[in-house]
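Summary of structural features
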Amino acid sequence: DTGVSQDPRHKITKRGQNVTFRCDPISEHNRLYWYRQTLGQGPEFLTYFQNEAQLEKSRLLSDRFSAERPKGSFSTLEIQRTEQGDSAMYLCASSSWDRDLYGYTFGSGTRLTVV
Amino acid sequence: AQSVTQLGSHVSVSEGALVLLRCNYSSSVPPYLFWYVQYPNQGLQLLLKYTSAATLVKGINGFEAEFKKSETSFHLTKPSAHMSDAAEYFCAVSEGTGRRALTFGSGTRLQVQP
């Protein structure tokens, strides 16, 4: 078990471009979460999946953001038409609903810089 | 609704001194409470969690926290600070139903002076 992997670790993009991040959770974990963390703040919840079903979305997840977990394994988070305010660390976490719901394991994050 | 307030965005202690990081929560249902640590450019690591069992929770690296319902608090302590404890610490809350994700506080940066 290699933990939660996020790719890329860093992404610099120009305003208006689309970006996509990937998260590979721990293989037996059926829950997957996305959080956003801006400088000097705690992580803010964006959305979570149980298997392939997206069960909750935060109001922070504007229509420019979309997340998928098509086969209940890895997940992608896409941001369309990026804005400077999207610059943040995007964190992924996974847990097991039936064994240890709050035994979250976080990935190291993807740091997005929009220039 | 659930929320967390961490008092003090920066705390500085001397090596060997007591560490006390404060966290107050608000939750409309019995909460589950967590402390996480984050080192620069890394994800979050769970230090400890309260899930309605013993009110005094012991975690990793010598940290512990006490759930006080009457004070709606979950302060993190460590008897003797080590240089390696310097990091950002986050308190988080969730309803115990599993329907909601974690809500984090804004964090406390701990500095340890030699």
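Here's what I pulled together on the structure shown here. Please read all numbers here as calculations on a predicted model, not as lab measurements. (Residues numbered from 1 in each chain as written. Chains lettered and ligands numbered in written order. Predicted model: local features only at pLDDT ≥ 70, side-chain atom pairs only at ≥ 80, totals over all residues. Heavy atoms only, no water.)

1. Quick notes on the overall build of chain B
Along its length, chain B carries zero helices and 11 strands. Of the regular secondary structure in chain B, the N- to C-terminal order runs β-β-β-β-β-β-β-β-β-β-β. Against the 2.2 N^0.38 benchmark of 13 Å for 114 residues, chain B shows a C-alpha radius of gyration of 13 Å, consistent with a compact globule. By its C-alpha atoms, chain B is 45 × 30 × 20 Å across when sized along the principal axes. Residues classed as buried in chain B amount to 45% of the 114 residues present. Put simply, of all contacts in chain B between residues at least 6 apart along the chain, 58% involve residues at least 24 apart. For chain B, the accessible surface area stands at approximately 5300 Å², while carbon and sulfur atoms represent 51% of it. (Helix = DSSP H or I, 4+ residues; strand = E, 2+ residues; numbered from the N terminus. Rg over C-alpha atoms; globule rule 2.2 N^0.38 Å. Buried < 20%, exposed > 50% of the residue type's maximum accessible area, 1.4 Å probe, protein only. Contact = heavy atoms within 4.5 Å. Areas by Shrake-Rupley, 256 points an atom, 1.4 Å probe, with all protein chains shown as cover.)

2. Comments concerning the sheet that holds strand β7 (residues 64–68) of chain B
Across a sheet, paired strands are connected by hydrogen bonds in the backbone, their directions being either parallel or antiparallel. Residue and element names in this part refer to chain B. Taken in spatial order, the five strands make up an open sheet running β1-β3-β8-β7-β6, and their pairing is antiparallel. In the strand order of this sheet, the two ends are held by β1 (2–7) and β6 (56–58), each with one partner. Put simply, the sheet's adjacent strands are angled 20° from each other on average, direction ignored. (Pairing = 2+ DSSP bridges. Axes fitted to C-alpha atoms, helices over the stretch in contact; angles between N-to-C directions.)

3. Here's the deal with the pairing of β7 of chain B
Residue and element names in this part refer to chain B. Only one face of β7 is covered, namely the one carrying Ala65 and Phe67; the face carrying Glu64, Glu66 and Lys68 has none of its residues buried. Pairing of β6 with β7 involves three bridges; the strand directions are antiparallel. Across the sheet, residue Leu56 finds its bridge partner in β7, namely Glu66. In this antiparallel pair of consecutive strands, β6 and β7, the connection spans five residues, and Asn61 shows a positive phi of 60°. Here β7 runs beside strand β8 (residues 73–78); their pairing, made up of five bridges, is antiparallel. Bridging across to β8, Ala65 finds its partner in Leu76. Hairpin geometry of β7 and β8 is characterised by an intervening segment of four residues between the two adjacent antiparallel strands and by a positive phi of about 45° at Thr72.

4. Quick notes on the sheet that holds strand β3 (residues 19–24) of chain A
All names here are of chain A. In space, the four strands of this open sheet follow the order β1-β3-β8-β7, with antiparallel pairing throughout. Looking at strand neighbours, the two that pair on one side only are β1 (5–7) and β7 (65–68), the edges of this open sheet. When strand polarity is set aside, the average angle formed by the axes of neighbouring strands in this sheet is 15°.

5. Some remarks on the interface of chain A and chain B
Contacts between chain A and chain B engage 23 residues on the former and 22 residues on the latter. Interface area, chain A with chain B, both sides summed: about 1600 Å², of which 51% is carbon and sulfur. Broken down residue by residue, the surface that chain A buries against chain B is led by Pro43, Tyr102 and Phe106 of chain A, which jointly contribute 37%. Between the two partners, chain A and chain B, sit zero salt bridges. Linking chain A with chain B are two residue pairs in polar contact (both at pLDDT 80 or more), by the criterion used here. Within the residue set of the side of chain A that touches chain B, elements represented by two or more residues are β4 (31–37), β5 (44–50) and β10 (100–106) of chain A. Broken down by element, the residue count for the side of chain A that touches chain B peaks at six residues, all from β10 of chain A. In terms of residue class, the side of chain A that touches chain B is made up of 11 nonpolar, seven polar and five charged. (Buried area = accessible area lost by both parts, 1.4 Å probe. Salt bridge = Lys/Arg side-chain N within 4 Å of Asp/Glu carboxyl O. Polar contact = N/O pair within 3.5 Å; in protein donor to acceptor, adjacent residues only side chain to side chain. Nonpolar A, V, L, I, M, F, W, Y, C, P; charged D, E, K, R; others polar.)

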